[in-house]
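# Summary of the model geometry
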Amino acid sequence: MIRAALFDVYGTCVDWHTGMRTAAERMLAEKGLDTGAGRAIAEGWRRRYQPSMDRVRSGRDPYRPLDAIQIETLDDVLDEMNLSHHVDAGDRAALNAAWDALPAWPDTAESLRRLASVMPVAACSNGSRAMMARLADHAGLTWTTIAGAELARTFKPEPAVYLKSCAALGTSPAETVMVACHDDDLDAAAACGLATAFVPRPAEWGAGASPEPVDTGRFTFHADTLCALVDRIARASA
């Protein structure tokens, strides 16, 4: 029986692409620069997300919260795009803060409320607990608690993240479902004994993106919308 749910956040619950592209375009417009570079900033920054955490996962670097790592990878993006001389420390801090003000997908807030009425639900993100709290306030996300990377002092898909998140909810892995739009996140959770729930977010990388097809048959639950998915999870808890 499913007794609790963990949720990936960036991409699954919130639309990082629209939020970060818009923030970058706004900054560029204020400086009289080409706003067309906004998408490249957002996507280049996101593509550095996993490689930047590999140094922690491998043990080469000590754990640091994601917001501290992100400000460094932003520097790399701006250097590569020859924009560093236009963007001062205040601009960089404002861009980094935009990760805390991303828009939720239209079905997220209601889906979380519905599921939270029948079981504990927790954020299980690579973002820090402070980032998740600020994002929850902004986007109206209902969490019973905030788990994830900071509890484990490492990043997904390391097993400790999923296992310590289950422990924070007081449930065993077999009693916990991981909800995500990323199949690698779900595969890692399944390897730790969690049930898995997949929802597609085809616009995660923006309109016109062409996501790779996913074999949904290997997941415990899957549905085309988050509302339908949480209904299936809720029925499994009855």
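Residues numbered from 1 in each chain as written. Predicted model: local features only at pLDDT ≥ 70, side-chain atom pairs only at ≥ 80, totals over all residues. Heavy atoms only, no water.

## Here we look at the overall build of the chain
Using the following cut-off: A run of H or I in DSSP counts as a helix once it spans at least four residues, and a run of E counts as a strand once it spans at least two, with each numbered from the N terminus. It is over C-alpha atoms that the radius of gyration is taken, and the globule rule equals 2.2 Å times the number of residues to the power 0.38. Think of it in three bands: with a 1.4 Å probe and only protein chains considered, a residue is buried below 20% of the maximum accessible area for its type, exposed above 50%, and partly exposed in between. Note on contacts: a residue pair qualifies if any of its non-hydrogen atoms lie within 4.5 Å across the two residues. Reported accessibility uses the Shrake-Rupley method at a 1.4 Å probe radius. Residues are deemed covered only where the shown protein chains occlude them. Neither His nor the chain ends is counted toward charge; the positive residues are Lys and Arg and the negative residues Asp and Glu. Here the site of a charge means atom NZ of a Lys, CZ of an Arg, CG of an Asp or CD of a Glu.
What the chain contains, in helices and strands, is 11 helices and six strands. Taking 2.2 N^0.38 as the reference for a compact globule, 238 residues should give roughly 18 Å; the C-alpha atoms of the chain span a radius of gyration of 18 Å, in line with that estimate. Taken over the C-alpha atoms alone, the chain extends approximately 55 × 35 × 30 Å along its principal axes. For the chain, buried positions account for 50% of its 238 residues. Long-range contacts, defined as pairs at least 24 residues apart, comprise 68% of the intrachain contacts of the chain with a sequence gap of at least 6. For the chain, the accessible area works out to roughly 10100 Å², and carbon and sulfur atoms hold 52% of it. Distance between charge centres in the chain, computed from 24 positive and 32 negative side chains, equals 4 Å.

## With respect to the pairing of strand β1 (residues 4-7)
Put simply, the test is: For two strands to be treated as a pair, DSSP must find at least two bridges joining them.
Of the two faces of β1, the one carrying A4 and L6 and the one carrying A5 and F7 are both buried. Bridge analysis of β1 against strand β4 (residues 176-180) gives four bridges, and the strand direction is parallel. Bridging across to β4, A5 finds its partner in V177. Both β1 and strand β2 (residues 121-123) contribute to a ladder of three bridges, which runs parallel. Looking at β2, one finds that A5 is bridged to V121.

## Topic: the pattern of salt bridges
Note the following rule: Salt-bridge detection follows one rule: a side-chain nitrogen of Lys or Arg within 4 Å of a carboxyl oxygen of Asp or Glu.
According to the stated counting rule, one finds 20 salt bridges in the structure shown. Linking D183 and R218 is a salt bridge whose minimum nitrogen-to-oxygen distance equals 3.2 Å. Taken together, the residues span a long stretch of sequence, with D183 in helix α10 (residues 183-191) and R218 in the loop between β5 (195-198) and β6 (221-222) at a distance of 35 residues. One connected set of salt bridges, linked through shared partners, spans D8, K156 and D185.

## Topic: the sheet that holds strand β3 (residues 145-146)
Applied cut-off: For every element, the axis is a line fit to its C-alpha atoms; helices are fit only across the contacting stretch, and the angle between N-to-C directions ranges from 0 to 180 degrees.
Taking strand neighbours across the sheet as the criterion, the six strands line up as β3-β2-β1-β4-β5-β6 in an open arrangement whose pairing is parallel. If you trace the sheet from one side to the other, it starts and ends with β3 and β6, each paired once. Along the sheet, helix α9 (residues 159-169) makes contact with β1, β2, β3 and β4, crossing β1 at roughly 135°.

## As for helix α1 (residues 16-30)
Where we set the bar: By this rule the span expected of a helix is its residue count minus one, scaled by 1.5 Å. Residues adjacent in sequence count toward polar contacts only when both atoms are side-chain atoms; beyond that, a polar contact is any pair of N or O atoms within 3.5 Å, and within protein one must be able to donate a hydrogen and the other to accept it.
Along its 15 residues, α1 runs 21 Å from first to last C-alpha, staying within 8% of the 21 Å computed at 1.5 Å per residue. When α1 is considered as a whole, its buried residues turn out to be W16, H17, G19, M20, A23, A24, M27 and L28. Buried residues along α1 sit against α2 (37-47) and α5 (89-97). The opening residue of α1 is D15, an N-cap whose side-chain oxygen sits 3.3 Å from the backbone nitrogen of H17. Looking one or two places after α1, you find G32, whose phi comes out positive at around 70°.

## Let's talk about the side chain of T154
As for its position among the elements, T154 is in the loop between α8 (149-152) and α9. Every residue in contact with T154, bar those within four places of it in the chain, is listed here: V56, R57, Y63, A149, A160 and V161.

## Observations regarding the packing of aromatic side chains
The following threshold applies: Only rings of Phe, Tyr and Trp enter the pairing, Trp through its six-membered ring, and a pair is recorded when the two centres are within 6.5 Å. The plane angle decides the type: under 30 degrees is stacked, over 60 is edge-to-face, the rest tilted. Both a distance and an angle decide whether a charge sits over a ring: NZ of Lys or CZ of Arg must be within 6 Å of the ring centre and within 35 degrees of the ring normal.
A full pass over the atoms with the stated rule returns seven aromatic pairs. Seen in terms of ring centroids, Y10 and W99 are 5.6 Å apart; in terms of plane orientation they differ by 75°. Their pairing is edge-to-face. With a gap of 89 residues between them, Y10 in the loop between β1 and α1 and W99 in the loop between α5 and α6 (108-116) connect regions that are remote in the sequence. Since its relative accessible area comes to 1%, W99 is described here as buried. With a centroid separation of 5.5 Å and an interplanar angle of 15°, the aromatic rings of F198 and F219 are classed as stacked. You can see F198 sitting in strand β5 and its partner F219 sitting in the loop between β5 and β6, a full 21 residues away along the chain. F219 sits in the buried class, given a relative accessible area of 6%. An aromatic cluster is built from Y10, W45, Y49 and W99, whose rings are joined through pairwise contacts. Lying over the aromatic face of Y49, R46 brings its terminal NZ or CZ to 4.6 Å of the ring centre.

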